[in-house]
Amino acid sequence: MNSTNSTVTTRKRLLILTVSIIFLFCALLGRLAYLQLAAGKELQAKAAQQWYRDLPLKAPRGKIVDTHGQVLADNREVYGVYVRPNAVKDAPAVASVLSGHLSLDYDKLLEKIVSSRVSEITVARAVEKDVAEAIIAHDLAGVYFTLDSKRYYPASHYLAQILGFTNIDNVGQNGLEGYYDTYLKGVDGFAYTAADIKGNELADNVTEYVPAIPGCDLTVSLDLNIQSFAETAVANALEDHGAKNASMIVMDCKTGGILAMASAPGFDLNEPPRDDLHMLNALSKNKMIVDVYEPGSTFKIFTTAAAIENGAVSDADRFFCGGSRLVDGQKIKCWRSIGHGSQNLADGVKNSCNCVFMDLALRLGTDKMYDTIRNFGFGTKTDIDFYGESKGLLMAQSKVKTVDLARIGFGQAVAVTPLQLVTAVSAAINGGTLYEPYFLQKATAYGGQTIYTREPKAVRQVISSGTSERLRNMLEKVVSEGGGHKAGVAGYRIGGKTGTAQKYENGSIAQGKYVSSFVGFAPVEDPRYVLAMIVDEPSGYAYYGSLVAAPYAGEVFAKIFDYAGLPPSTSATVTEWTQMPDVVGVSTQEALEMLRQCGLTAEVAGEGESVRSCVPSPQTRVEKGDVVLLRT
């Protein structure tokens, strides 16, 4: 019995031992399979790291060029400087040369070279070519160089808020550089060098290269020549009027392509103020896409379009302006306190009469008004290819009171981005089609293959072609006969609308702070160019859009016509001159009549009954049709 139990126990032990051996063998086999199949590449890479040293070969970043191929963003050769401590023969000499040429601390660099346990030290990056060549001339053992590139912007201060910039690693940070970084960055390469276990290069070593693949070149819709016109205009406006900011957008209304986008103040893209992040963020923010403002009278374009499209007004309708309207018990003033009297729609548009546009908005009602302005794109993003776009501000439709609707009619109680305004005006005058705005036209891979092409994207038909044509003709009179006269160019048909809006701070009106604007288009008979000029907080009393923004728009239009070789569509009339009458001390109404008889248009500042001063001063030679300022 004992013998039988002993035999069974022995068999059990042998079985357990056999199973254990099989289990261990399977585990070993599984581990071997894992190392060979699953982790093989990773382990090979780790082994290669022990026997090879590699230096990165940075991929050249793709260029950004304008619509005619002029370079906006390029690369300049720079170098990376590295030290392999195990290969250094004279550490003090290496530290002395590198610290001297690279403005580094000698003692800290020497300590790093002597005591470092890593195989390679990055000493400096983005080193200019002449500095690198001076170091190379010393022929220092253990010092290595890699060819790299640094972003370079030939136009310097132009397009600072649009192109953006890159960091030390040549990665796009904002603007188009950031938005299209995936296209632009390329694929880095490497230079491999065999080394022993201590990191020393082998005597018979042959360096192998894995070449970098350059990034894609981008062609954008911007036209550098038109951009230069816009940059000059905003810089001059900023200086002439002591403004907080000045900006301009020029769009091709037939495609939605951005031809120019400029803002001042700006900065040199080649030397961004990286040591002052607050300043850098402020100067690099694209206010034309990110910030919103109350559009004022430029918004009257869309109230007019809505009224015509919905049959809320006819050519025979008359409107009376006595200087104000009473809505929901609130007195809302027209900009001209003495009123415009009786006028039709075309006169109301030319005179920019607030009362006319209050009446139109109230005739339409909230639903039709909101349907139209939403169709024009207000209250939603345009979906431009750029980060940080704002969608503007519209009151919730259900909360709009009658008094709110009246104010929206002439551009209050609503906030838009300059980009939204230009995009919507383009739809209003191009026949009624809203296009999605864009920058990128084409992306070309290294080797010349086109991998992306942008076609104009029509979002929707907003108004009929007939409404658009009527609107163009009305807006032409604003420039030829009304407050937009200073935007006119002899021999060319230009339409547009001025705007002067008060700014708000902490929910209340900021006294003495205005946004002066002009939005225009040309040529009226076949529109292509739509332009918006915005001057934020001009100093002094000449803050009206007709006086502050319109003149710079006219200058840019004249340059565009010349550059594009656009022939005049009308015979250039001989300039007629008159003298500024002496209106100081006379009643405001009498002064306006005196100016009318001289062929002049006036902006009136104040609500007094008599004129206190005027610009220009009496007896000054003035072009007929010009806009002058009366202070009451």
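Preceding block: the structure.
The shown structure was predicted, so the numbers you read here are calculated from the model rather than taken from an experiment.

Colleague: Would you mind going over the packing of aromatic side chains in detail, with residue names and values included?
Modeller: Counted under the stated rule, the structure contains 14 aromatic pairs. Ring geometry for F302 and F378: centres 4.9 Å apart, planes at 70°, overall edge-to-face. Here F302, found in helix α12 (residues 300-309), pairs with F378, found in the loop between α14 (354-375) and β15 (393-394); they are 76 residues apart in sequence, far enough to count as distant. On the basis of relative accessibility, which here comes to 0%, the residue F302 falls in the buried class. A relative accessible area of 2% means that F378 is categorised as buried.

Colleague: Describe helix α4 (residues 106-115), with residues and values.
Modeller: L109, L110 and I113 are the residues of α4 that are buried. Projection of α4 onto a plane perpendicular to its axis shows the buried side chains occupying an angular sector of 100°, all on one side. The exposed residues of α4 that point more than 90 degrees off its buried face are D107, K108 and E111. Structurally, α4 contributes buried residues whose contacts are with β3 (71-83), α3 (91-102) and β4 (121-128). You can read the cap of α4 off the contacts: a side-chain oxygen lies 3.2 Å from the backbone nitrogen of D107, and it is on D105.

Colleague: An account of the sheet that holds strand β23 (residues 529-536) is requested, with residue identities and associated values reported.
Modeller: Strand order across the open sheet formed by five strands is β10-β9-β23-β22-β21, with antiparallel pairing between neighbours. Two strands bound the open sheet, and with one partner strand each, they are β10 (258-264) and β21 (495-505). Taking the axes of each pair of neighbouring strands and ignoring which way they run, one obtains an average angle of 10° across the sheet. Helix-sheet contacts for helix α9 (residues 224-241) involve β9 (245-252), β10 and β23, and the interaxial angle to β10 is about 25°. This element, helix α16 (residues 418-429), spans β9, β10, β22 (508-522) and β23 of the sheet and lies at about 35° to β9.

Colleague: I'd like a rundown of a nonpolar patch on the surface, residues and numbers included.
Modeller: Side chains of L14, L17 and I21 sit close together on the surface and give an oily, nonpolar patch of about 300 Å² of accessible area. Counting through the fold element by element, L14 comes out in helix α1 (residues 2-38). For L14, a relative accessible area of 51% corresponds to the exposed category.

Colleague: How would you summarise unusual backbone geometry if you had to cite specific residues and measurements?
Modeller: The step from A264 to P265 runs through a cis peptide bond, and the omega angle for that step is 5°. Residue placement: P265 occurs in the loop between β10 and α10 (277-284). Looking along the chain, the bond that leaves A522 and enters P523 is cis, with omega of -15°. Here D139, not a glycine, exhibits a phi torsion of approximately 50°, which is positive. As for its placement among the helices and strands, D139 is situated in the loop between α5 (129-136) and β5 (143-152). Note on D139: relative accessible area 68%, which makes it exposed. Residues other than glycine seldom take positive phi values, yet D328 does so here, at roughly 50°. On the secondary structure map, D328 appears in the loop between β12 (324-327) and β13 (330-333).

Calculation criteria
- Residues numbered from 1 in each chain as written.
- Predicted model: local features only at pLDDT ≥ 70, side-chain atom pairs only at ≥ 80, totals over all residues.
- Heavy atoms only, no water.
- Phe/Tyr/Trp six-rings, centres within 6.5 Å; stacked < 30°, edge-to-face > 60°.
- Helix = DSSP H or I, 4+ residues; strand = E, 2+ residues; numbered from the N terminus.
- Buried < 20%, exposed > 50% of the residue type's maximum accessible area, 1.4 Å probe, protein only.
- Arc of directions from axis to C-beta.
- Contact = heavy atoms within 4.5 Å.
- Polar contact = N/O pair within 3.5 Å; in protein donor to acceptor, adjacent residues only side chain to side chain.
- Pairing = 2+ DSSP bridges.
- Axes fitted to C-alpha atoms, helices over the stretch in contact; angles between N-to-C directions.
- Patch = residues over 30% accessible without salt bridge, like charges linked within 9 Å, V, L, I, M, F, W, Y side chains within 5 Å.
- Areas by Shrake-Rupley, 256 points an atom, 1.4 Å probe, with all protein chains shown as cover.
- Salt bridge = Lys/Arg side-chain N within 4 Å of Asp/Glu carboxyl O.

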